[in-house]
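The lines below spell out each chain.
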Amino acid sequence: MNKIESSFLNRNQFGEDFLWGVSTAAFQIEGAHDADGKGSSIWDVFTSQKGKIKNGHHALTACDFYNCYEDDISLIKELNIPNFRFSISWPRIMPTGIHPINQAGIDYYNKIIDSLLSSGIEPWITLYHWDLPHELEVKGGWTNRESVSWFKEYVEVCVQYFGDRVKNWMVINEPSVFTGAGYFLGIHAPGKKGITNYLKAMHHVTLATSAGAKIVRERIPNANIGTTFSCTHIEPATESSKDVEAAKRVDTLLNRTFIEPILGLGYPQKDLPVLKKLNNYILEDDLNNLNFDFDFIGLQCYTREVVKSSILTPYIGAELISAEKRNVISTEMGWEVYPPAMYHILKKFNEYNGIKKIIITENGAAFPDTVQNGKVHDIKRTHFIQDNLEQILKAKNEGINVDGYFVWTLTDNFEWAEGYNARFGLIHVDFETQKRTIKNSGLWFKDFLS
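An unreviewed UniProt entry annotates the protein as Beta-glucosidase of Flavobacterium anhuiense. The record held by UniProt for the protein lists under Catalytic activity (unreviewed entry) the comment "Hydrolysis of terminal, non-reducing beta-D-glucosyl residues with release of beta-D-glucose."

This is the structure we're talking about:
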């Protein structure tokens, strides 16, 4: 008997109120890049530039969720998944990023929401999952302080049109990733580089997170409001004081910098001195305005990183030792498969007083999948999900307030700079034909949830 059949896990162990779901993002699945009045996003522009995306892939069609949403929603229902997280494409509903609105875009999301509700599936909206309207990037994007006002205008539109039916809202997805990769390293859209761009974007995104949440709270008083953070369990390569200090700096950057100001703790400048440069952009009252009392915090944990001291790395003085160099099992993304990272992260974030509850809003793995005789035997992904659920259960049984788990992701999709090479889905997509095939991991999840 293999582990798929014999896993001791069952849904009841997590309690009746534990939330089960699956997560997606507009740019990664929708396609229809210029359909029905949609404006360009920074990712539309970035993917059209030579050499930015592996194999020259683009997301002009992606999974064609724009046209296939009814079929995909019926697959969510078939898999017994009760909660669906999806994001709104800002330029689809506001082509220039500000008024006027594009009614066709509003209509599209209303159809998705209504289709989910009529299928008995609860919609969870992410307001910003990385696809800033290009017209706003021309004005400086997140490096421009005006971005906070633009975002507020956009959030007002979303709550006005969708707030009568949608109770669950996530404001911004993984700010450390899109500011770091997009405004410091330049490997994600909009491809900007440098510490100044990064710090400006960091501060404005953090201001926008609380400003957006306040609008949702005002307009939908009984809404369930959260925001999501990527987090990575960090360990030093050795017990030397240099490596331990380096690991602390990396931990501060990846796990603390964005959440602590939201919790009213300010930026962790003492443990990461480069953050003192933020003082150039922090205006009077900003620190008071960063704080918001979220109903839940979404954590997105995939792996651990092992860190050593390095004088060659500016600002942070640390270097990650890759999974390949450490000769450990890894996913198609090159991320180590290390389920205890989930437990450590839950334990760490549970120590913050300001967090009411934690939901794992993304977790999953990319492995090479092939369809054979109409089936996808993705045993590694099934094990990955099971092993992470065991860690969540362990944390929950120790009294850690973790209240839900959303798999990343529903269908194989456009994985940002990796293009279509990294398949994370519970459902396989043939990108030539758009044919969907539920993988064994999806069938296991369906069984688990039944």
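**Things to note about the environment of Ser119**
Looking at the element boundaries, Ser119 is found in the loop between α6 (103-118) and β3 (122-128). Looking at Ser119, the relative accessible area reads 18%, which means it is buried. Residues Ser119 and Arg436 lie 317 residues apart in sequence; the distance between their C-alpha atoms is 19 Å. Among all residues touching Ser119, those that are not within four sequence positions of it are Ile73 and Lys77.

**Side note on unusual backbone geometry**
Following Ala189, the chain continues into Pro190 via a peptide bond in cis, with omega recorded as 5°. With respect to the secondary-structure elements, Pro190 resides in the loop between α9 (175-184) and α10 (195-219). A cis amide bond, omega 15°, links Trp408 with the succeeding residue Thr409. Despite not being glycine, Asp64 shows a phi value in the positive range, around 55°. In this fold, Asp64 is placed in the loop between α3 (42-47) and α4 (65-78). Although it is not a glycine, Trp416 sits at a positive phi angle of roughly 50°. When you line up the elements, Trp416 lands in the loop between β9 (402-408) and β10 (427-430). Exposure remark for Trp416: the relative accessible area of 4% places this residue in the buried category.

**Here's the deal with the UniProt feature "active site" (unreviewed entry) in the protein**
Per the UniProt record, "active site" (unreviewed entry) is annotated on Glu362. Structurally, Glu362 can be placed in strand β8 (residues 358-362). Look at Glu362 and you get buried, because its relative accessible area is 5%. Beyond its immediate sequence surroundings of up to four residues, Glu362 is in contact with Ser23, Arg85, His129, Asn173, Glu174, Leu299, Gln300, Cys301, Tyr302, Phe406 and Trp408. Only 3.0 Å separates the side chain of Glu362 from the side chain of Gln300, close enough to count as a polar contact.

Criteria and cut-off values
- Residues numbered from 1 in each chain as written.
- Predicted model: local features only at pLDDT ≥ 70, side-chain atom pairs only at ≥ 80, totals over all residues.
- Heavy atoms only, no water.
- UniProt positions renumbered as here; feature names shortened; annotations may be inferred.
- Helix = DSSP H or I, 4+ residues; strand = E, 2+ residues; numbered from the N terminus.
- Buried < 20%, exposed > 50% of the residue type's maximum accessible area, 1.4 Å probe, protein only.
- Contact = heavy atoms within 4.5 Å.
- Polar contact = N/O pair within 3.5 Å; in protein donor to acceptor, adjacent residues only side chain to side chain.

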